[in-house]
Amino acid sequence: MSGRTENGAARAAYLVFGAREVDEPDAEGASVYCQFEKDWDAQLEQCGRLAAERGYRPAGSCVMSVAQPTLPRLLEWAADPGCDVVLVASGHVLERIRKTWPDWDRVIARLEEAGARVEAVPYVEPAYPGEELPRR
């Protein structure tokens, strides 16, 4: 299925890293995931901002759990994402997906077969009160 609209504009779907439901503190009591990784709305906003700037037409979103999403569901979505571009909210989030989801290469291959590519949003992640972000 082509992700192009009738006027030829690329369509973009937003892939959200769903860490909201698995916020487990580590031994020192710090969260394993930063607030941005848990903030689905902020991730969607970042993706929407880039899509608007690049003239991409929104094609929906897909929230997948950080705790390895159900592979058949993810592969089914990747086989027909209904878009040309899959936006991930930041380079950091995309790297977390690569490290967290062992089957990410299969997802990328399925997206490529469907004619879609993955892009990381190049903006700085938002700062949250009381959170000290690790240096990247």
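Small disclaimer: the values here were computed from a predicted structure and weren't measured. (Residues numbered from 1 in each chain as written. Predicted model: local features only at pLDDT ≥ 70, side-chain atom pairs only at ≥ 80, totals over all residues. Heavy atoms only, no water.)

Considerations on the environment of Val-124
For clarity, the threshold we go by: For the purposes of this entry, the term helix denotes a DSSP run of H or I that reaches at least four residues, the term strand denotes a run of E that reaches at least two, and both are numbered from the N terminus.
Locating Val-124 in the fold gives a position in the segment after β4 (117–120). Taking the C-alpha atoms as reference, Val-124 lies 9.4 Å from Gln-46; in sequence the two are 78 residues apart.

Focus: the nonpolar core
As a reminder of what qualifies: Here the nonpolar core consists of buried residues drawn from Ala, Val, Leu, Ile, Met, Phe, Trp, Tyr and Cys, with membership extended through side-chain atoms lying within 4.5 Å. Accessibility here uses a 1.4 Å probe with only protein chains present; expressed as a share of the type maximum, an area under 20% marks a residue as buried, one over 50% as exposed, and anything in between as partly exposed. By definition, residues are in contact when any of their heavy atoms lie within 4.5 Å.
Membership of the largest hydrophobic core comes to 41 residues, with the highest contact counts inside it found for Leu-15, Phe-17, Trp-77, Leu-87, Ile-97 and Trp-101. Among the secondary structure elements, those contributing two or more residues to this core are β1 (11–18), α2 (40–54), β2 (57–65), α3 (71–79), β3 (85–88), α4 (91–100) and α5 (104–113). Dropping the residues within four chain positions of it, Ile-97 is found in contact with Leu-15, Phe-17, Val-88 and Trp-104.

Considering the confidence of the model for the protein chain
Counted only if it meets this: One number per residue, pLDDT, summarises how confident the predictor is, and it ranges from 0 to 100.
Across the protein chain, pLDDT averages 85, with 83% of residues at or above 70. No element of the protein chain has a lower mean pLDDT than α3, at 88, and none a higher one than β3, at 97.

Examining the sheet that holds β3
The strands making up a sheet associate through hydrogen bonds between their backbones, and the pairing can be parallel or antiparallel. The following threshold applies: One requirement defines pairing of two strands: DSSP has to find at least two bridges between them. The axes are straight lines fitted to the C-alpha atoms, using for helices just the contacting stretch, and the angles between their N-to-C directions are given from 0 to 180°.
Read across the open sheet, the four strands follow the order β2-β1-β3-β4; overall the sheet is parallel. The open sheet has two free edges, formed respectively by β2 and β4, since each of these has just one partner strand. Each strand of the sheet is rotated relative to its neighbour by a mean of 30 degrees, with strand direction disregarded. Most of the contacts of α2 go to β1, to which it runs at about 160 degrees, and overall it touches β1, β2, β3 and β4.

Points about the pairing of β3
Alternating residues of β3 divide into Val-85 and Leu-87 and Val-86 and Val-88, and every residue in both groups is buried. As paired elements, β1 and β3 share four bridges and run parallel to each other. Each residue of the ladder has a partner; that of Ala-12, found in β3, is Val-85.

Some remarks on the side chain of Glu-37
Stated formally: The definition of a polar contact used here is a pair of N or O atoms within 3.5 Å, where within protein one atom must be able to donate a hydrogen and the other to accept one, and adjacent residues in sequence count solely through side-chain atom pairs.
Structurally, the position occupied by Glu-37 is in helix α1 (residues 35–38). Among the residues examined, Glu-37 registers a relative accessible area of 1% and is labelled buried. At a separation of 2.7 Å, a polar atom in the side chain of Glu-37 contacts the side chain of Arg-96. In this structure, Glu-37 is in contact with Phe-17, Gly-18, Ala-19, Arg-20, Val-32, Gln-43, His-92, Val-93 and Arg-96, ignoring residues within four places of it in sequence.

Side note on the packing of aromatic side chains
Put simply, the rule is: Here a Phe, Tyr or Trp ring, Trp counted by its six-membered ring, pairs with any other such ring whose centre lies within 6.5 Å, and the pair is stacked when the planes are under 30 degrees apart, edge-to-face when over 60, and tilted otherwise. Geometrically, a lysine NZ or arginine CZ counts as sitting over a ring once it is within 6 Å of the ring centre and also within 35 degrees of the ring normal.
Applying the stated rule across the entire model yields three aromatic pairs. Geometrically, the ring pair formed by Phe-17 and Tyr-33 is edge-to-face, given 6.2 Å between the ring centres and 65 degrees between the ring planes. One end of the pair, Phe-17, is in strand β1; the other, Tyr-33, is in the loop between β1 and α1, with 16 residues separating them in the sequence. The exposure class of Phe-17 is buried, given its relative accessible area of 0%. With a centroid separation of 5.8 Å and an interplanar angle of 55 degrees, the aromatic rings of Trp-101 and Trp-104 are classed as tilted. Judged by its relative accessible area of 1%, Trp-101 falls in the buried class. Within the aromatic cluster, the residues linked to one another by ring pairs are Phe-17, Tyr-33, Trp-101 and Trp-104. Above the face of the Tyr-123 ring, Arg-49 is positioned so that its terminal group lies 3.6 Å from the ring centre.

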